Amino acid sequence: MTKKREIPQKKKKEVKGTPIAPWMVTFADMMTLLLVFFVLILSFSTMEQERFRAISMALQNSFGFQMMNPLNLIPVDNPPRTENVVAPIRPEPPTTENTGTENQLDALGNRLQTNFTDEIERGLIIVEHDEDHIIIRFPDDAAFGPASDWLEPQMVPIIQRVGDLISEFDMYVIVGGHTDNIPIHNQRYRSNWELSAARAVSVAHELTWMSDLNEEYLYVVGNGDARPIASNATPEERARNRRVDILLMERDITEEREVFQGIQQIPTYR
């Protein structure tokens with residue numbers, strides 16, 4: 001009986017010295033990449049310092065250690081080249097001229113002038129506009145009959161259109177009636193105050209009849225002959241004083257107490 005021949009096994013060579021930890025390989029690779037990174041950055045002749053400083057700070061925060069700032073290695077007599085660098089375009093601050101915005105008072109004034117061009121040319125309404133308010137004026141000879149508070153039929157749709165337009169804006173609306181200085185006394189009216197107040201009420205009713213005008217901010221005033229815009233010396237001047245004015249003031253910049261002061265802002269002859 002033959003014996004099987006045993007094949008001798010080779011012995012493993014023993015590694016001399018201390019074995020390297022696995023993390024050292026990764027650390028060495030990282031440091032090599034960082035070194036290459038900085039060498040490339042320093043080789044750029046048009047390096048921007050601010051951009052590089054931002055990158056350096058980001059790397060410090062990411063890897064958790066302090067790095068040498070290569071900016072200190074740049075010679076003072078060899079600054080980065082900037083002749084080919086295009087300066088960034090900085091946007092100009094907005095101005096009122098190029099934004100095209102307008103406040104409510106200007107917007108409403110422009111709409112009135114545009115929407116009632118024909119009525120203004122025919123003298124049915126007059127629109128006056130300044131920095132503080134708008135006055136919409138209805139002359140007596142176009143709006144009312146002699147000593148009457150009944151509106152002429154031609155004025156009713158015009159006033160309703162005015163009310164519909166005003167309701168689109170946040171305004172205080174003061175409707176004021178005015179007469180001349182000739183006293184009136186009949187079965188219906190005891191004085192010019194009552195006639196002017198009745199005419200103002202007639203206009204206010206039509207303003208709110210077909211519109212969403214907020215009556216909380218609507219005021220009706222009877223001035224009589226107290227606030228003329230002409231001298232009352234001639235029939236033509238007295239006709240100018242007989243009128244109904246609508247005074248408009250912006251709510252967002254006007255306090256309620258100023259509304260009552262605004263009644264006194266209506267231009268007068270005095």
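Everything below is about the structure printed above this text.
The residue numbers shown here count from 1 along each chain, following its written sequence. Only residues with pLDDT of 70 or above have their local features reported here, since the model is predicted, and side-chain atom pairs are shown and tallied only from 80 upward, although totals for entire chains, interfaces and linings are computed over all residues. Heavy atoms throughout the structure, all of them, feed into the side-chain values; hydrogens and water do not.

Draft legend 1. How the structure looks around the pattern of salt bridges. Here a salt bridge means any side-chain nitrogen of Lys or Arg lying within 4 Å of a carboxyl oxygen belonging to Asp or Glu. Following the criterion strictly, the structure yields 12 salt bridges and no others. Among the ionic pairs, Arg137 bridges to Glu128, the shortest N-O distance being 3.1 Å. Partly exposed residues are those whose accessible area sits between 20% and 50% of the maximum for their type, while under 20% is buried and over 50% is exposed, using a 1.4 Å probe and protein chains only. Residue Arg137 is classed as buried on the basis of its relative accessible area of 7%. Asp245 is the salt-bridge partner of Arg137, the closest N and O atoms lying 2.7 Å from each other. Of this pair, Arg137 sits in strand E2 (residues 134-139) while Asp245 is found in strand E5 (residues 243-250), placing the two residues 108 residues apart along the sequence. Taken together, the shared-partner salt bridges in this structure form one network comprising Glu128, Arg137, Arg243 and Asp245. For helices the rule is a DSSP run of H or I covering at least 4 residues; for strands it is a run of E covering at least 2, with both sets numbered from the N terminus onward.

Draft legend 2. The side chain of Arg137, seen in detail. Of note is the side chain of Arg137, whose polar atom sits 2.7 Å from the side chain of Asp245. Not counting the four nearest positions on each side in its chain, Arg137 is found in contact with Leu124, Ile125, Ile126, Glu128, Ile229, Arg243, Val244 and Asp245. In protein, a polar contact means a hydrogen-donor-capable atom and an acceptor-capable atom, both N or O and within 3.5 Å, with residues adjacent in sequence counting only if both atoms are side-chain atoms; elsewhere, any N or O pair within 3.5 Å suffices. For this analysis, residues touch if any pair of their heavy atoms sits within 4.5 Å.

Draft legend 3. Region of the structure containing a nonpolar patch on the surface. Two distance rules govern patches: like charges are joined within 9 Å, and nonpolar side chains (Val, Leu, Ile, Met, Phe, Trp, Tyr) within 5 Å, applied only to residues with over 30% relative accessible area and no salt bridge. Only the protein chains shown count as cover for residues, with accessible areas throughout obtained via the Shrake-Rupley method and a probe of 1.4 Å. On the surface, Ile20, Trp23, Met24, Val25, Phe27 and Met31 cluster together into a nonpolar patch covering about 630 Å² of accessible area. Looking at the element boundaries, Ile20 is found in the segment before helix H1 (22-43).

Draft legend 4. Region of interest: unusual backbone geometry. Within the chain, Ala147 stands out as a residue other than glycine whose phi angle is a positive 55°. Relative to the elements of secondary structure, Ala147 occurs in the loop between helix H6 (140-143) and helix H7 (155-166). Using a relative accessible area of 39% as the deciding quantity, one classes Ala147 as partly exposed. For Asn232, which is not glycine, the phi torsion reads 65° and is therefore positive. Checked against the element boundaries, Asn232 lands in the loop between strand E4 (218-222) and helix H9 (235-241). Asn232 gets classed as buried once you look at its relative accessible area, which sits at 12%.

Draft legend 5. Structural detail: the packing of aromatic side chains. Ring pairs shown here join Phe, Tyr and Trp side chains whose ring centres sit within 6.5 Å, with only the six-membered ring taken for Trp; geometry is labelled stacked below 30 degrees between planes, edge-to-face above 60, and tilted in between. Scanning all chains against the criterion turns up three aromatic pairs. Measuring from ring centre to ring centre gives 5.6 Å for Tyr172 and Tyr217, while their planes differ by 75°; the resulting arrangement is edge-to-face. Taken together, the residues span a long stretch of sequence, with Tyr172 in strand E3 (residues 171-178) and Tyr217 in the loop between helix H8 (192-209) and E4 at a distance of 45 residues. Ring plane angle 50° and centroid distance 6.4 Å describe the contact between Tyr172 and Tyr219, whose orientation is recorded as tilted. Note that Tyr172 is positioned in strand E3 and Tyr219 in strand E4, a separation of 47 residues in sequence. Following the ring pairs from residue to residue traces out a cluster consisting of Tyr172, Tyr217 and Tyr219. Both a distance and an angle decide whether a charge sits over a ring: NZ of Lys or CZ of Arg must be within 6 Å of the ring centre and within 35 degrees of the ring normal. Above the ring of Tyr217, the side-chain terminus of Arg251 is found at 3.8 Å from the ring centroid.

Draft legend 6. Here's a closer look at H7. Helices are assigned an expected span. That span is 1.5 Å times one less than the residue count. Compared with an ideal rise of 1.5 Å per residue, which puts 12 residues at 16 Å, H7 spans 16 Å between its outermost C-alpha atoms and is within 8% of the ideal. Among all positions of H7, only Met155, Ile158, Ile159, Gln160, Val162, Gly163, Leu165 and Ile166 are buried.

Draft legend 7. Broad picture of the sheet that holds E2. In this scheme, strands are said to pair when DSSP sees at least two bridges between them. Strand order in this open sheet of five strands is E1-E2-E5-E3-E4, and the pairing throughout is mixed. Strands with a single pairing partner mark the edges of an open sheet, and in this sheet they are strand E1 (126-129) and E4. Along the sheet, successive strands turn relative to each other by an average axial angle of 15°, direction set aside. Across eight bridges, E3 lies against E5 in antiparallel orientation. Looking at E5, one finds that Gly177 is bridged to Val244. Lines are fitted to the C-alpha atoms to define the axes, a helix being fitted only along its stretch in contact, and any angle between axes, read from their N-to-C directions, falls within 0 to 180 degrees.

Draft legend 8. Region of the structure containing the packing of H7 against H8. In contact at an axis separation of 7 Å, H7 and H8 are set at 60° when each is read in the N-to-C sense. The pairing of H7 with H8 is recorded here as oblique in orientation. Handedness of the crossing formed by H7 with H8: right-handed. In this structure, H7 contributes Val156, Ile159, Gln160, Val162 and Gly163 to the contact, and H8 contributes Val203, Glu206, Leu207 and Trp209. Three categories are distinguished: nonpolar for Ala, Val, Leu, Ile, Met, Phe, Trp, Tyr, Cys and Pro, charged for Asp, Glu, Lys and Arg, and polar for the others, with Gly belonging to the last. Taken together, the residues that form the contact of H7 with H8 break down as six nonpolar, two polar and one charged. Small angles under 35 degrees read as roughly parallel and large ones over 145 as roughly antiparallel, with 65 to 115 read as roughly perpendicular and the rest as oblique. Definitions for this section: a left-handed crossing has its near helix turned counterclockwise from the far helix by less than a right angle. A right-handed crossing has that turn clockwise.

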